[in-house]
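Next come the chains, spelled out residue by residue.
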Amino acid sequence: MSALALRGPARVVVLQHRRVLWITGALALAGIALVAVAWWVTSTAATTFSGTGCSVRHTVHGCGIPVRHFLSVELHFNHLLGYAGVAMMVLPAAVGLFVAGPMIGRELEDGTYRLSWSQSVTPTRWLAAKLAVPAVLTVAGVSVLSAVYAWAWSRARGTNYPVQWFEPQVYGAMGPAPVGYALLCLALGALAAVLIRRTLPAMAVTAVAYAAVVLVMNSVRSGLWPMRTDTTALGREFRYPSEASDVSVGWMTGGGTRLDDATCVSAGDFDGCMARHGAAAQYVDYHPASHFWPLQLIETGILLVLAAAAVAVAFRVLRRSHG
């Protein structure tokens, strides 16, 4: 986004924070390059290892060192994805803190906003510009980073150390949810800055609010979309579904009534206890990998509604205080 192509308050926002924007862009490019190089190293190691004739599953004499080296490279790539996922989860907080701090909070605290408002810029237009520029950059940047992470994650699925889609640091780094969290944190930062008008307290409130949202969404996520249920008759081989999230296992009677997990835990004769309670099958509730997108879309929708509400309140507070 060229500052010369912008007009009015939006151009001022870019010029004021161009150094931070350049640094942020450089860090994002460095992260993308690091992931790409790490996968190139992992892919090269896999090609080299396949040429040795050795096998990870059945190691023979003379293959110990090649196997250890190959597994070490894959494990490092697994760790890199974990760290990158954590960074993607921290990114929304950084966006919110930047908006609550130097972008809005500091101007309201120092009174420098009066200069803009005295130049035929209304408070509403001033806040809109403060939010529009980071919102556009956030959507574009986080979308690219999320796509890169999804690409790297898909490559890791074929390694000996795959990362599961439902792990918090993985789920929070792919799909539209990271964009939703970033926009919500941006809105929370703006609301905190407008309400508190002090930089550090606004940043602290934004961080706490974001942490609370993450905790709540992690606790209710499994209920955002109906789970799938599989049943297996007692006496038959029971298998856990592969790549399944939120696995809940129990027993049920022939009539479909579910038994409490602790029903026969302390019973000396487990099979007899099951028979006395009429247990006829074992069930498992889970989210298969195909539920990733429904869960992501519903969660993102909730985040965007909350973000819109926070922005609406921020505009209302600003209009009332300077009407």
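All residue numbers here refer to positions counted from 1 along the written sequence of the relevant chain. Local features are withheld for residues below a pLDDT of 70 in this predicted model, meaning they are given only at 70 or higher, and side-chain atom pairs are given and counted only at 80 or more; totals for whole chains, interfaces and linings count all residues. Hydrogens and waters are ignored; side-chain quantities use all the structure's heavy atoms.

A. Expanded view of the overall build of the protein chain. Across its full length, the protein chain holds 11 helices and 4 strands. Each residue gets one of three labels from its accessible area relative to the maximum for its type: buried under 20%, exposed over 50%, partly exposed in between, using a 1.4 Å probe on protein chains only. In the protein chain, which comprises 323 residues, the share counted as buried stands at 41%. Whether two residues touch is decided by their heavy atoms; if any such pair falls within 4.5 Å, the residues are in contact. Of the contacts made within the protein chain by residues no fewer than 6 positions apart, 79% connect residues no fewer than 24 positions apart. Only the protein chains shown count as cover for residues, and all accessible areas are computed by the Shrake-Rupley method using a 1.4 Å probe. Total accessible area computed for the protein chain in this model is approximately 17,200 Å², and 64% of it derives from carbon and sulfur atoms. Think of it this way: any DSSP run of H or I at least four residues long counts as a helix, any run of E at least two long counts as a strand, and we number them from the N terminus.

B. View of the pattern of salt bridges. Any carboxyl oxygen of Asp or Glu that lies within 4 Å of a side-chain nitrogen of Lys or Arg is treated as forming a salt bridge with it. Enumeration according to the criterion identifies 4 salt bridges in this entry. One salt bridge connects R157 with E243, and the closest N-O pair in it is separated by 2.9 Å. Within this pair, whereas R157 is found in the loop between α6 (123-156) and α7 (168-171), its partner E243 is found in the loop between β1 (228-233) and β2 (245-253), the two being separated by 86 residues in sequence. Assessed through its relative accessible area of 41%, R157 is described here as partly exposed. Overall, E243 belongs to the partly exposed group, its relative accessible area being 33%. D285 is the partner of R258 in a salt bridge, and the nearest nitrogen-oxygen pair spans 2.6 Å. Of this pair, R258 sits in strand β3 (residues 258-259) while D285 sits in strand β4 (residues 279-287), and the two are 27 residues apart along the sequence.

C. Representation of the state of the cysteines in the model. Criterion for a disulfide: a pair of cysteine sulfur atoms within 2.5 Å. The tally for this structure, following the rule as stated, stands at 1 disulfide. Bridging C54 to C63, the disulfide has an S-S length of 2.0 Å. Between C54 and C63 the disulfide shows an S-S torsion of about -75°. By sign, it is left-handed. C63 carries the same exposure label as C54, and that label is buried.

D. Representation of the confidence of the model for the protein chain within the structure. What pLDDT conveys is the predictor's confidence in a given residue, as a value from 0 to 100. Scored by pLDDT, the protein chain has a mean of 85; 90% of the residues are at 70 or more. Per-residue pLDDT stays below 50 along residues 1-6; that stretch engages in 10 contacts with residues further than four places along the chain or on separate chains.

E. Looking closely at the packing of helix α3 (residues 64-103) against helix α9 (residues 199-220). A fitted line through C-alpha atoms serves as each axis, taken over the contacting stretch for helices, and the angle formed by two N-to-C directions is quoted from 0 to 180°. It is the contact of α3 with α9, at a shortest axis distance of 8 Å, that shows an interaxial angle of 150°. Regarding the angle of α3 to α9, the classification is roughly antiparallel. Considering how the two elements wind past one another, α3 and α9 form a crossing that is right-handed. Here α3 contributes M89, P92, A93, G96, L97, A100 and G101 to the contact with α9, which in turn contributes T199, A202, M203, T206, A207 and Y210. We call two directions roughly parallel when the angle between them is under 35 degrees, roughly antiparallel when it is over 145, roughly perpendicular when it lies between 65 and 115, and oblique otherwise. Left-handed describes a crossing in which the near helix is turned anticlockwise from the far one by less than a right angle; the clockwise case is right-handed.

F. Local environment of the side chain of D285. Accessibility expressed as a relative area gives 10% for D285, which makes it buried. In this view, D285 contacts M227, R228, T229, D246, V247, S248 and R258; residues no more than four positions away in its chain are not counted.

G. Looking closely at a nonpolar patch on the surface. A surface patch of nonpolar side chains, about 320 Å² in accessible area, is lined by V37, W40 and V41. With respect to the secondary-structure elements, V41 resides in helix α2 (residues 18-50). Exposure above 30% relative accessible area and no salt bridge define the residues that can form patches, which grow by joining like charges within 9 Å and nonpolar side chains of Val, Leu, Ile, Met, Phe, Trp and Tyr within 5 Å.

H. Unusual backbone geometry, seen in detail. Its identity is not glycine, yet R197 carries a phi of approximately 60°, on the positive side. Among the secondary structure elements, R197 is positioned in the loop between α8 (177-196) and α9. Owing to a relative accessible area of 22%, R197 belongs among the partly exposed residues under this scheme. Positive phi is not limited to glycine here, since E243 has a value of about 50°.

I. Fine view of the packing of aromatic side chains. Only rings of Phe, Tyr and Trp enter the pairing, Trp through its six-membered ring, and a pair is recorded when the two centres are within 6.5 Å. The plane angle decides the type: under 30 degrees is stacked, over 60 is edge-to-face, the rest tilted. Under the defined criterion, the tally for this structure stands at 8 aromatic pairs. Summarising the aromatic geometry, the rings of W165 and F292 are spaced 6.1 Å apart at their centres and angled 90° between planes, so their arrangement reads as edge-to-face. Taken together, the residues W165 in the loop between α6 and α7 and F292 in helix α11 (residues 292-321) connect sequence positions 127 residues apart. Looking at F292, the relative accessible area reads 9%, which means it is buried. Ring geometry for F238 versus Y240: centroids 5.3 Å apart, planes at 80°, classification edge-to-face. Residue classification places Y240 among the exposed positions, given a relative accessible area of 57%. One aromatic cluster in this structure is built from W165, F166, Y171, F292 and W293.

J. Summary view of the nonpolar core. Definition of nonpolar core: a set of buried residues of the types Ala, Val, Leu, Ile, Met, Phe, Trp, Tyr and Cys, connected through side-chain atoms within 4.5 Å. Grouped together as the largest cluster of nonpolar side chains are 58 residues, with contacts concentrated most on I104, L127, L131, Y149 and Y181. Elements with a minimum of two residues in this core: α2, α3, α6, α7, α8, α9 and α11. The element that contributes the greatest number of residues to this core is α8, accounting for 14 residues. The contact partners of Y181, leaving out residues within four places of it in the chain, are P92, Y210, V213, V214, M217, R221, E299 and L303. Counting 8 residues, the second-largest nonpolar core is a separate cluster that includes F49, C54, C63 and V67.

K. Region of interest: the sheet that holds β4. An order of β1-β4-β2-β3 is seen for the 4 strands of this open sheet, with the pairing classed as antiparallel. At either margin of the open sheet sits one strand with a lone partner, and together these are β1 and β3. For two strands to count as paired, DSSP must find a minimum of two bridges between them. As paired elements, β1 and β4 share 6 bridges and run antiparallel to each other. Across the sheet, T229 pairs through a bridge with D285, a residue of β4.

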